[in-house]
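Coordinate analysis (summary)
Letter by letter, the chains look like this.
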Amino acid sequence: MPKIEIDGTIHEVEDGQNVLQACLSTGLDLPYFCWHPAMGSVGACRQCMVTQYSSPEDTKGRLVVGCMTPVSEGLRISLNDSEAVEFRADIIELLMTNHPHDCPVCEEGGQCHLQDMTVMSGHTSRKYRGKKRTHRNQYLGPFIGHEMNRCIACYRCVRYYQDYAGGQDLGVFGAHNHVYFGRSEDGVLENEFSGNLVEVCPTGVFTDKPNGKNYSRKWDLQTAPSICAHCSLGCNTTPGERYGELRSVVNRYHGEINRYFLCDRGRFGYGFVNAESRIKTASIDHQEVVGEGNAVEHFRGLVQIQETVIGIGSPRASVESNYALRELVGEDQFYSGWTEAENTLMETALRVVRETDAANPTLAEIERADAVLILGEDLTNTAPIMALAVRQAVRNASFDAAESVGIYQWQDAAVRELAQDLLSPLFIVSTGSTRLDDVATGVYRASPDEIARLGFAVAHRLDSSAPGVGDLAAAASDTVKEIAEALANAKRPLVISGTGCMTAAVLEAASNIARALASAGKALSVVVPDCNSMGLAMMGGHGLEDAKKVVEFGVANTVVVIENDLYRNAPRELVDDLLGKAKNVVVIDHSSHATTEKAGLVLPATSFAESEGTYINNEGRAQRFFSVMQPSEEMRNTWQWLADAGAGDWSGSDDIIASCGNGLLGFKGVEEAAPTAEFRISGMKVPRQSHRYSGRTAMRANLAVSEPQQPIDRDSPLSFSMEGAAREAPPSLMSTSWAPAWNSNHAIIKFQQEVGGSLQGGDPGKRLFQPSSEANWYDGIPASSEPVDRRWLVVPNHQIFGSEPLSCGSPAVAERIDAFSVTLNGDDLARLQIESGDMLELSIEGNTTIAEARQDDGVPSGIAAVGCGVPGSEGIAWLKQAEIRKRG
């Protein structure tokens with residue numbers, strides 16, 4: 001590690017860093033705009049100028065750009081040299097000639113990086129009194145507001161949107177003092193990660209539109225550390241509350257998972273918490289129950305004979321809630337909420353993850369992979385931030401090329417200029433086009449069974465002891481050879497698969513490939529559907545078909561369903577029979593849906609925003625989320641309703657999660673995901689409200705003159721107040737970052753071990769899976785299949801907006817949900833005399849559904865890619881042959 005001198009003090013810094021990174025990592029303050037730790041340096045703004053001295057005798061020095069100057073042994077620089085200080089202040093003054101004086105009404109005011117850097121640079125008065133140039137703002141869709149007059153032309157937005165996220169519809173136009181950052185015309189930003197522009201922009205050009213409709217300042221939001229509930233990756237988030245309403249969700253840094261970014265579903269999908277569909281009171285036979293005690297007594301009466309009660313869990317309910325239900329009804333009476341096919345799929349996914357000698361990578365490790373095979377998964381729609389990580393991984397070849405000629409990885413423009421189209425190998429084997437195709441080395445389209453066969457063939461090509469595929473087509477054989485060679489030659493090969501095409505053989509093929517790889521750096525990542533799918537799979541449980549049988553045979557007469565709309569994925573006839581033949585149906589949930597309509601007793605549950613709980617993500621990492629606001633009087637955590645009905649005598653969240661860790665195989669250590677409720681810093685809890693929180697005495701002045709007592713939270717080490725110790729909070733309890741002079745989200749640099757690295761104290765969560773030496777070959781190779789004349793195999797077409805149920809309740813996301821559609825290739829549409837946009841009829845086993853026709857020539861002939869999870873897709877029988885005809 002080189003030693004450098006900064007203003008007379010010797011600092012030991014990481015080799016390969018630039019001066020700006022080194023200064024920030026050592027705790028020094030140096031202003032910057034264009035640089036971003038995830039995107040590297042381009043030296044566009046000149047705000048990080050420092051003085052560099054050539055030798056101890058050099059007293060004059062020369063100005064250099066901090067983000068473009070690499071550190072080296074003996075480097076001497078000054079941040080405080082008068083010439084450097086004056087230069088940085090002049091840069092700010094030039095930027096301010098056109099920046100409006102609208103801080104009091106700007107949504108970034110008080111959390112603005114430009115404000116912080118202006119103060120840090122010492123620019124306190126403006127000489128320019130001339131006319132400022134102005135721009136017309138654009139409509140960019142339901143997520144993002146646009147205020148172009150605030151732009152300082154740092155170019156961060158287009159570098160993020162185009163270079164980092166792969167977007168094509170946001171660019172820079174004009175030149176000199178009239179550059180414009182926006183679209184060629186008004187319209188919705190198409191990229192699935194557009195919401196990050198709000199946090200990437202150092203000013204207020206791009207704003208959070210849903211939050212702006214009922215705006216609160218950052219420091220006036222009550223916040224808590226949370227976990228995204230909209231997919232299985234477990235991205236860390238910070239929800240913000242004001243006046244009992246959830247106002248925003250922003251990124252919470254985690255060095256191994258989401259780091260600086262969220263997908264738009266995770267950022268804007270919280271609207272269901274405030275929706276009219278929330279269940280706020282208990283009801284019996286659709287009549288409101290007066291008094292919580294009456295509902296509890298009625299519930300106890302229904303479940304008092306355990307042998308007659310079955311429980312149906314949920315992959316979106318917490319570990320604690322599923323465990324409480326399992327304890328209430330007993331292991332044999334616990335059902336997962338999945339169909340038998342889904343149960344088998346999840347059992348396979350869990351087995352593949354547990355029984356492999358390959359590493360189970362974090363998203364940060366995925367970014368470092370040097371060859372990637374995606375087998376049967378459309379990542380952008382099923383695991384969006386993983387897709388973003390893969391997009392970064394394909395740049396590793398360019399980084400290697402740059403290193404070979406002495407260019408540092410952070411010199412972004414130089415690396416891109418050198419690399420041109422050079423990318424690391426990425427192969428995508430899927431049932432249709434994906435948003436990663438533009439950076440793929442090769443794509444192969446096939447049915448799920450043929451995808452599995454290709455995967456088994458790749459494994460056999462890598463290791464001849466793996467089961468082989470005898471009758472592979474010539475085109476597929478060439479693809480197998482290309483993929484196998486790329487993976488075999490890589491130092492850090494990565495195989496990604498998942499449950500997306502609903503075929504267990506695809507997962508088994510991925511496992512075989514991972515086992516066949518010889519590299520010590522090999523990794524296997526498995527994507528599952530929901531935020532706690534992995535936790536539910538670890539807990540076990542039977543399928544819905546078995547639940548229906550025990551009700552039909554009279555073994556059970558009471559069904560308890562938690563946080564699960566069974567109609568969304570299971571066939572309607574199956575759910576109708578199950579619920580219709582049960583004498584008593586109890587549903588505990590936070591939102592109304594088709595299943596709650598069938599319930600005789602409905603109990604109001606808290607959402608993630610009003611409760612504590614644990615999710616286990618796709619890599620087996622247990623993470624804790626905490627309530628950001630108090631629920632209404634009758635809402636309770638699902639496990640608390642179950643505990644009152646006799647599931648267990650738990651004193652709080654810590655008690656039940658410890659019971660789960662001690663009582664269930666595979667859950668040992670789950671209680672270590674976060675500190676217990678007894679945790680204190682110098683005798684104090686960690687506050688949910690910032691030290692700048694305002695209006696506490698006035699917020700309820702219309703109801704009472706005196707300030708009410710702050711609620712007491714006995715289930716967590718967090719307090720519903722400003723009082724407490726925030727600065728020393730461990731990462732799992734840290735919802736926001738603030739440091740003196742750093743009011744924007746860039747304050748996170750003060751809490752990282754080094755800039756862009758892990759958090760001080762370690763990134764949150766407890767990993768429950770470790771690589772195993774028990775991996776075996778799978779030999780369940782599907783038989784070769786040919787398209788059936790005038791029939792189409794129905795495969796799921798996942799959508800980032802619409803396929804996940806909770807986010808569908810968000811008004812902003814609802815605007816982005818496409819109509820229910822069936823996607824075919826152009827030749828199949830022509831054969832049916834159907835055009836894209838026409839309405840068609842899809843008939844599966846006698847059931848007919850009406851949908852809009854869409855064209856994607858990436859879909860193989862004989863395949864119908866049907867919208868999965870979107871309204872209209874309920875009860876679709878997947879992987880069945882269907883007839884299709886034009887409607888009318």
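Here, residues in each chain are numbered from 1, in the same order as that chain's written sequence. Per-residue local features are limited, in this predicted model, to residues with pLDDT of at least 70; the limit for side-chain atom pairs, both in listing and counting, is 80 or more; totals at the level of whole chains, interfaces and linings are taken over all residues. Neither water nor hydrogens contribute to the side-chain values; these are computed over all heavy atoms in the structure.

**Observations regarding the overall build of the chain**
Short version of the rule: Helix and strand definitions follow DSSP, with helices as H or I runs of at least four residues and strands as E runs of at least two, each counted in order from the N terminus. Our radius of gyration is a C-alpha quantity, and the globule rule it is checked against amounts to 2.2 Å times the number of residues to the power 0.38. Each residue is assigned to one of three classes by its accessible area relative to the maximum for its type, calculated with a 1.4 Å probe on protein chains only: buried under 20%, partly exposed between the two thresholds, exposed over 50%. Throughout, the Shrake-Rupley method with a 1.4 Å probe supplies accessible areas, and for residues the shown protein chains are the sole cover considered. Lys and Arg are tallied as positive, Asp and Glu as negative. Neither His nor the chain termini are counted. To locate a charge, take atom NZ for lysine, CZ for arginine, CG for aspartate or CD for glutamate.
If you tally the helices and strands in the chain, you get 26 helices and 36 strands. Computed over C-alpha atoms, the radius of gyration of the chain comes to 28 Å, within 12% of the 29 Å expected from 2.2 N^0.38 for 888 residues, which places it in the range of a compact globule. With the C-alpha coordinates aligned to their principal axes, the bounding extent of the chain is approximately 90 × 75 × 55 Å. The buried share of the chain, taken over its 888 residues, is 61%. Of the roughly 34,000 Å² of accessible surface on the chain, 47% is carried by carbon and sulfur atoms. When the 78 basic and 115 acidic side-chain charges of the chain are each reduced to a single mean position, those positions are 5 Å apart.

**Some points on the layout of surface pockets**
To find leftover empty space, a probe the size of one water molecule is rolled over the atoms. Selection criterion: Grid spacing is 1 Å over the protein atoms alone, the probe is 1.4 Å, and a cavity is where that probe fits but cannot get out, while a pocket is an open set with protein on both sides within 12 Å along at least five of seven lines and lining residues have an atom within 4 Å of a point. Grid points are joined across faces, edges and corners, and a volume is the space filled by probe spheres set on the points.
Size it by volume and the largest pocket reaches roughly 1,100 Å³. Taken together, 35 residues form the lining of the largest pocket, with Gln21, Pro37, Arg259, Phe399 and Gln409 sitting closest to its centre. Of all the elements in the fold, those that place two or more residues in the lining of the largest pocket are helix H14 (396-404) and helix H15 (412-419). Top element by residues in the lining of the largest pocket is H14. It accounts for four residues.

**Thoughts on the pattern of salt bridges**
Convention followed: One speaks of a salt bridge when a side-chain nitrogen belonging to Lys or Arg is within 4 Å of a carboxyl oxygen belonging to Asp or Glu.
In the structure shown here, the tally under the stated rule is 44 salt bridges. The partner of Arg416 in a salt bridge is Asp412, with the nearest N and O atoms 3.1 Å apart. A residue pair is termed a helical-turn pair when its members lie 3 or 4 positions apart in one helix, as Arg416 and Asp412 do in helix H15 at four residues. Its relative accessible area of 27% is what places Arg416 among the partly exposed residues. By relative accessible area, which is 5% here, Asp412 ends up buried.

**Let's talk about helix H13 (residues 384-393)**
Within H13, 10 of the 10 residues are buried, which leaves the element mostly enclosed by the surrounding structure. Burial in H13 covers these residues: Pro384, Ile385, Met386, Ala387, Leu388, Ala389, Val390, Arg391, Gln392 and Ala393.

**Observations regarding the nonpolar core**
The nonpolar side chains of a soluble globular protein tend to be buried with one another. Counted only if it meets this: Residues belong to a common nonpolar core when they are buried Ala, Val, Leu, Ile, Met, Phe, Trp, Tyr or Cys residues joined through side-chain atoms within 4.5 Å. Domain delimitation in this document rests on an assignment produced automatically or drawn from a domain database. The criterion used for residue contact is that any of the two residues' heavy atoms lie within 4.5 Å.
Formed by 92 residues in total, the largest nonpolar core has its most connected members in Phe299, Ile588, Leu603, Leu642 and Phe667. By residue number, the principal contributor to this core is helix H18 (residues 504-516), which donates eight residues. Of the domains in this structure, domain 4 (276-346 + 530-674) and domain 5 (359-414 + 423-521) are the two that each give at least three residues to this core. Contact partners of Leu603, with chain neighbours within four places excluded, come to Ala282, Ala295, Phe299, Val586, Val587, Ile588, Asp589 and Trp641. By size, the runner-up hydrophobic cluster in this structure holds 91 residues, among which are Leu246, Val372, Leu436 and Phe608.

**So, the pairing of strand S16 (residues 309-312)**
The two faces of a sheet get side chains in turn, since along a regular strand they alternate between them. Rule in force here: By the convention used here, strands pair only if DSSP detects at least 2 bridges between them. We call a crossover right-handed when, viewed with the strands running away from us, the connection from the first strand over the helix to the second turns clockwise.
Every second residue of S16 is oriented toward a common face, with Val309 and Gly311 on one face and Ile310 and Ile312 on the other, all of them buried. When S16 meets strand S23 (residues 558-562), the two strands line up parallel, connected through four bridges. Each bridged residue has a counterpart across the sheet, and for Ile310 the counterpart in S23 is Val559. Sheet analysis places S16 next to strand S17 (residues 334-335), joined by two bridges and oriented parallel. Counterpart to Gly311 in the pairing with S17 is Phe334. A crossover links S16 with its parallel partner S17, the connecting element being helix H9 (residues 319-329), and its sense is right-handed.

**Brief notes about the packing of H9 against helix H23 (residues 638-647)**
Quick note on the threshold: Angles here are taken between N-to-C directions and fall from 0 to 180 degrees, while the axes themselves are lines fitted to C-alpha atoms, restricted in helices to the stretch in contact. Angular relationships are summarised with four words: roughly parallel below 35 degrees, roughly antiparallel beyond 145, roughly perpendicular across 65 to 115, and oblique for the angles in between. Helix crossings are classified by the rotation of the near helix relative to the far one: an anticlockwise turn of less than a right angle makes the crossing left-handed, while a clockwise turn makes it right-handed. Throughout, the ten residues Ala, Val, Leu, Ile, Met, Phe, Trp, Tyr, Cys and Pro are labelled nonpolar, Asp, Glu, Lys and Arg are labelled charged, and all others, Gly among them, are labelled polar.
For the pair H9 and H23, the least separation of the axes is 8 Å and the interaxial angle reads 15°. With respect to H23, the element H9 is oriented roughly parallel. The hand of the H9/H23 crossing is left-handed. Where H9 abuts H23, its residues Glu320, Ser321, Ala324, Leu325, Glu327 and Leu328 lie against Thr638, Trp639, Leu642, Ala645, Gly646 and Ala647. Across the contact of H9 with H23, the residue classes break down as seven nonpolar, three polar and two charged.

**Quick word on the environment of Ala324**
Within the element layout of this structure, Ala324 appears in helix H9. Between the C-alpha atoms of Ala324 and Ser659, which are 335 residues apart in sequence, the distance is 9.9 Å. With near-sequence residues (within four places) excluded, Ala324 lies in contact with Trp639, Leu642, Ala647, Trp650 and Ile656.

**Here's the deal with the sheet that holds S17**
Pairing is mixed in the open sheet, where seven strands are placed in the order S15-S14-S25-S24-S23-S16-S17. Taken across any chain shown, the strands that pair with only one partner, and hence form the sheet edges, are strand S15 (287-288) and S17.

**Concerning the sheet that holds strand S30 (residues 766-767)**
Strands sit in the order S26-S27-S30 across an open sheet of three strands; the sheet is antiparallel. Edge positions in the sheet fall to strand S26 (613-616) and S30, since each has one partner strand and no second. By the bridge criterion, four bridges tie S26 to strand S27 (residues 621-625) in an arrangement that is antiparallel. Bridge pairing in S27 links Tyr615 to Gln623.

**Concerning the domain arrangement of the chain**
Quick reminder of the rule: Note on definitions: buried area is the accessible-area loss of two parts on being combined, 1.4 Å probe, summed for both. N or O atoms within 3.5 Å of each other form a polar contact, as long as, within protein, one can give a hydrogen and the other can take it, and as long as residues adjacent in sequence are counted only when both atoms are side-chain atoms.
Domain boundaries assigned for the chain yield domain 1 (3-96), domain 2 (131-215), domain 3 (216-274 + 675-761), domain 4 (276-346 + 530-674), domain 5 (359-414 + 423-521) and domain 6 (792-886). Relative to domain 5, the C-alpha centre of domain 1 lies at a distance of 40 Å. Facing 12 residues of domain 1, the contacting portion of domain 5 comprises five residues. For the domain 1 and domain 5 pair, buried surface summed over both sides reaches about 610 Å², with 60% attributable to carbon and sulfur atoms. The largest contributions to the domain 1 side of the interface with domain 5 come from Gly16, Ser41 and Pro70, which together make up 45% of the buried area. Where domain 1 packs against domain 5, one counts zero salt bridges. Joining domain 1 to domain 5, the criterion identifies three residue pairs in polar contact (both at pLDDT 80 or more). Taken together, the residues that form the side of domain 1 that touches domain 5 break down as five nonpolar, seven polar and no charged.

**Looking at the packing of helix H2 (residues 82-96) against helix H3 (residues 113-121)**
Where H2 contacts H3, the two axes come as close as 9 Å, and the packing angle between them is 140°. On the basis of their axis angle, the class for H2 and H3 is oblique. The crossing of H2 and H3 is left-handed. Facing H2, whose interface residues are Val85, Arg88, Ala89, Ile92 and Met96, H3 presents Leu114, Met117, Thr118 and Ser121.

**Some points on a negative patch on the surface**
Formally: Note that patches include only residues with greater than 30% relative accessible area and no salt bridge, and the join distances are 9 Å for like charges and 5 Å for nonpolar side chains (Val, Leu, Ile, Met, Phe, Trp, Tyr).
A cluster of acidic side chains, namely Glu12, Glu14, Asp15, Glu73 and Glu754, defines a negative patch on the protein surface. Following the sequence through the fold, Glu754 ends up in the loop between strand S29 (718-719) and S30. The class for Glu754 is partly exposed, based on a relative accessible area of 31%.

**A word on the packing of aromatic side chains**
We count it as follows: Centre distance within 6.5 Å is the pairing criterion for rings of Phe, Tyr and Trp, where only the six-membered ring of Trp is used; planes under 30 degrees apart are then read as stacked, over 60 as edge-to-face, and the remainder as tilted. Over a ring means this: the NZ of a Lys or the CZ of an Arg is within 6 Å of the ring centre and within 35 degrees of the ring normal.
Per the counting criterion, the structure on display carries 15 aromatic pairs. A centroid spacing of 6.2 Å and a plane angle of 35° characterise the contact between Tyr32 and Trp742, whose relative ring orientation is tilted. On the criterion of sequence distance, the pair formed by Tyr32 in the loop between helix H1 (19-25) and strand S3 (49-53) and Trp742 in the loop between S29 and S30 is long-range, its members being 710 residues apart. Like Trp742, Tyr32 is buried. An aromatic cluster is built from Tyr160, Tyr164, Tyr253, Tyr260 and Phe261, whose rings are joined through pairwise contacts. Between Arg242 and the ring centre of Tyr693, over which it is positioned, the NZ or CZ distance is 5.0 Å. The side chain of Arg688 reaches across the aromatic face of Phe720, ending 3.8 Å from its centre.

**As for the pairing of strand S34 (residues 847-855)**
When strand S32 (residues 821-824) meets S34, the two strands line up parallel, connected through four bridges. Within S34, the residue paired with Leu824 across the bridge is Gln855. As judged from the six bridges shared by strand S33 (residues 839-844) and S34, these two strands associate in the antiparallel manner. Its bridge partner lying in S34, Ile844 is registered against Asn847.

**Thoughts on unusual backbone geometry**
Within the chain, Ala153 stands out as a residue other than glycine whose phi angle is a positive 55°. Residue position: Ala153 is located in the loop between strand S6 (144-146) and helix H4 (156-164). At Tyr243, a position not held by glycine, the phi torsion is positive, near 55°. Its place among the elements puts Tyr243 in the loop between strand S12 (236-242) and strand S13 (245-251).

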